[in-house]
Structure formats: structure tokens, C-alpha cells
Amino acid sequence: MQEQLVAKFKELFGADGEIRTYFAPGRVNMIGEHTDYNGGHVFPCALTIGTYGVVRKREDNRLRFYSMNFEKLGILESTLDDLKPDPAADWTNYPKGVIWAFGEKGMKITQGMDLLLFGNIPNGSGLSSSASVEVLTGYILKDFYGCDVTNQDIALIGQYSENKFNGVNCGIMDQFAIAMGKKGHAIFLDTATLEYTYAPIELKDAKIVISCSNKKRGLGDSKYNERRAECEKALEEIQQYVGISSLGDLNEEEFEKFKSAIKDEDRQKRARHAVYENQRTIKAVEALKNNDVEMFGKLMNESHVSLRDDYEVTGIELDTLAEEAWKVDGVIGSRMTGAGFGGCSVSIVKNDAVDTFIEQVGKAYKEKIGYAADFYVVEIGDGPTRLA
Ligand code: GLA
């Protein structure tokens, strides 16, 4: 595949100069959803699917981008003097945003680039194809352009670009999971402090299956920013009674004690999700440590119910995927993953039940929703890397 990408790059941009190839993964979050902007914990992992980039530095300030996933768009061009978000720039707003963000952080990029991308993450699936492009770009600026940053810096700069350049108030989870990914491990991250540990995911007789609803979503047009604002307001209301800095500071009992401070019923539900989901994530990682995969799965299921009933970010497609999964023998746990409103679910499925799972859930989904879902058995991979 890499050879094909390099051949296409040369065809489009010419063969001279030093050409390098990079890869950044996508991610799936096992549990801890909509907790990362509430000072809570998350438990994502990087995948072996992701974004490939073939790149060359330029002597001038031109930026030329091409994606093999959006060939109809052709080569999209801009310059380093013109780093502004632009709807016509389409997906290139992600690499442009990162180049801009490096400048904002004191690392002004003065040499342009030719960049060809190919991603094997299903678009709009909620497996963070955009964060993958952001981290890939950051990694190129580190490795090829010599910017003095760590992978954790790349995650933070990627999030900054998403917030400030692309206008989505996302938390740190996606960029962190991708930039800091480790094969065979999920990352238990405290988003309040950025302290993290790697937890091995040794499922032995089970696999991680991603079910893609094929309902397209983009974070920008979802209710993502609205949910975040609801949580911020709920926090302010609680802060009038107790000195906490985020909803992640509360455990279940404390929340029950202070919840009446939240003057709106919906807002109370949103905050309840943020608090309980954070506690569930802590318990889930503990369960995994004790080799209690069944408990981990049970907490995944509870996470989905909370996202459905309290946070209200699932929708009929994701509910159908999870609820049909729960009916299949050999499913240890299943829940929506990512922002919601479409995208994917993640399930832990016993090896000998995977085929039945795909068949049964696939059939029920098609009957109810009217179009097919796609299924992927995935592996946990490493963070960004240079391939050649
Ligand atoms: C998106 C955001 C993340 C996180 C999840 C929900 O993926 O980019 O920061 O908030 O939604 O858990």
C-alpha cells in the first residue's frame, strides 16, 4: 500500500527531493464518554487502522494537499501566509489548523509542504479520523521539520487547533489516545491532570468489534458544543455550594447531595452522566486489573444506557447496535463510542461468537434502520510513526 501512495504522490507532485511516509492511528474509546471536558477519566486505545501521509518539504510557502479518500476535490492549495479556516478548504482545515497552532505556540512554520493522505478509518465513523490527521501533521512537523515537541505536546496542540481553528470544543481524549497510543494497551487518562497509565488489554478468548452505524456525523454540526455548555452551567450551579473545579471531582454520593443546585432537569441529567460515567470508568479499569472482564462489560453496557437516557447522544442507530448486541450470547459488553449522534459502537465479543454477532446484529440493524451497518474486528496499535 505504501508503494502505491508514494507512486501517486510522485505522479501528482513530482519525484524530486526527500519524500517521507508517516502513519497515525485512529482510536476507539472503551469507556469514559463525554467525561474528558468534565475533568473525568477516559480509557481509549489507538488502533492499527489510521491515516497514512506521504510528504515533502517545500522551499517556498505553498501548501498542497491531496487525499485519496476525497479524490474529487483534487489538489487543495493554500499558503503559510493564509492560515485561516475556510469551508472551501474542506478536510485540509485539519492540517492547516495544526500548522497554524504550531505558529501560535511559538513554532512558526516557514517552509511549505506537499502532502498526500490516505486513511483506512471509515469517514465520519467516530473513530477520530480528524484527530488522526491532526496528530499525523503534528508528528510530521516534529520529525521532518524538527519542531521541538513531545507526543503529548502534539496532542495538546492538535486539540488547540480543533478548538480554535475548527471551532469544535472537543476535549483532549482523541488526540491524546492517538499521539500516545501503545500496542496492546488502553490509556487510562485523568483529563484533569493529564496523568495516565497504560493498561494491557488481554482479552485472550474475545475480540474488540466495531460496529459502524453508517449514519454520518460531523462534530461541528452535532449537539456536542451544546452538551459541553450544559455541563459547564451545571458545574457553575454546584460551585455555589461546594468548591470543586470540575464535575469529575464528585463521586456519586456527593452528586446526589448537591444535585438540587442544578435548576434544570435536563442539565441535571447531563451532569449525572458526567459524574457517574467517570466513576464507572475508574471501576472498569479496576475490574480489568482484577481480570474481571465480565464486570468491565457490564459497566460498558451501563455506560451506553447513561449516554442514551441521561446524556441523550445515542439515537436510534446506536441504540439498535447496542441493544441488538446485548441479545447475542458471547457478547461481554457493548456501547456507543466517541461523540455519539451516529458513528460506531464498540463491543467485546467472545471469539466463537463473532460471526453470529455480525450476522445477527447486522440483520436486525438493516431491518430496523433500512441500510446496512459495517463491522470491523480491530487490533490495538501504536501511536504515530515514520514508515519510510
Ligand atoms: C469526541 C471528542 C472527545 C470526547 C468524545 C466524547 O470524540 O473529540 O474529546 O469528548 O467526543 O467522549
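Let me sum up the structure you'll find in this document. Because the structure is a prediction, the values reported are computed rather than measured.

## Description of the side chain of Thr 281
(1) Moving on: Structurally, Thr 281 is set in helix H8 (residues 265-289).
(2) Moving on: Classification of Thr 281 by relative accessible area gives buried; the value is 0%.
(3) Moving on: If we ignore the near neighbours within four places in the chain, the residues touching Thr 281 are Ile 31, Gly 32, His 41, Val 42, Phe 43 and Phe 188.

## A look at the pairing of strand S10 (residues 331-337)
(1) Moving on: Burial analysis of S10 places seven of its seven residues in the buried class, the great majority of the element.
(2) Moving on: As defined by bridge partners, S10 adjoins strand S11 (residues 344-350) across six bridges and the pair is classed as antiparallel. Paired with Gly 333 across the two strands is Ile 348, which belongs to S11.
(3) Moving on: The antiparallel hairpin formed by S10 and S11 contains six residues in its connecting segment, where Gly 338 sits at a positive phi of about 90 degrees.

## Quick notes on unusual backbone geometry
(1) Moving on: Although it is not a glycine, Ser 128 sits at a positive phi angle of roughly 65 degrees.
(2) Moving on: Residue position: Ser 128 is located in the loop between strand S6 (113-119) and helix H3 (129-143).
(3) Moving on: Unusually for a residue other than glycine, Lys 204 sits at a positive phi of about 50 degrees.
(4) Moving on: Given the relative accessible area of 68%, Lys 204 is considered exposed.

## Considerations on the pattern of salt bridges
(1) Moving on: Counted under the stated rule, the structure contains 30 salt bridges.
(2) Moving on: When the shortest N-O distance is used, the salt bridge between Glu 232 and Arg 228 registers 3.3 Å. Here the residue Glu 232 and the residue Arg 228 both occupy positions in helix H6 (residues 224-239), the gap between them amounting to four residues, near one helical turn.
(3) Moving on: Its relative accessible area of 39% is what places Glu 232 among the partly exposed residues.
(4) Moving on: For Arg 228, a relative accessible area of 18% corresponds to the buried category.
(5) Moving on: Note that Arg 280 and Glu 277 form a salt bridge whose closest N and O atoms lie 2.9 Å from each other.

## Overview of the sheet that holds S6
(1) Moving on: One open sheet accounts for six strands, arranged S5-S4-S6-S3-S1-S13; its pairing is mixed. Every other strand in the sheet has two partners, leaving strand S5 (76-79) and strand S13 (385-386) as the edge strands with one partner each.
(2) Moving on: For strand S4 (residues 62-67) and S6, the ladder comprises five bridges, and the chain directions are parallel. Pairing of Tyr 66 across the sheet is with Leu 116, part of S6.
(3) Moving on: Sitting on the sheet, helix H2 (residues 93-104) touches S4, S5 and S6, and the angle it makes with S4 is about 145 degrees.
(4) Moving on: Across the sheet, H3 lies against strand S1 (20-29), strand S3 (44-57), S6 and S13, angled at about 145 degrees from S1, the strand it touches most.

## Some remarks on the pairing of strand S8 (residues 195-200)
(1) Moving on: Where strand S7 (residues 185-190) lies against S8, six bridges are found, and the strand directions are antiparallel. Within S8, the residue paired with Phe 188 across the bridge is Thr 197.
(2) Moving on: Counting the residues that bridge the hairpin from S7 to S8 gives four residues, and of these Leu 194 lies at a positive phi of roughly 65 degrees.

Conventions and cut-offs
- Residues numbered from 1 in each chain as written.
- Predicted model: local features only at pLDDT ≥ 70, side-chain atom pairs only at ≥ 80, totals over all residues.
- Heavy atoms only, no water.
- Helix = DSSP H or I, 4+ residues; strand = E, 2+ residues; numbered from the N terminus.
- Buried < 20%, exposed > 50% of the residue type's maximum accessible area, 1.4 Å probe, protein only.
- Contact = heavy atoms within 4.5 Å.
- Pairing = 2+ DSSP bridges.
- Salt bridge = Lys/Arg side-chain N within 4 Å of Asp/Glu carboxyl O.
- Axes fitted to C-alpha atoms, helices over the stretch in contact; angles between N-to-C directions.

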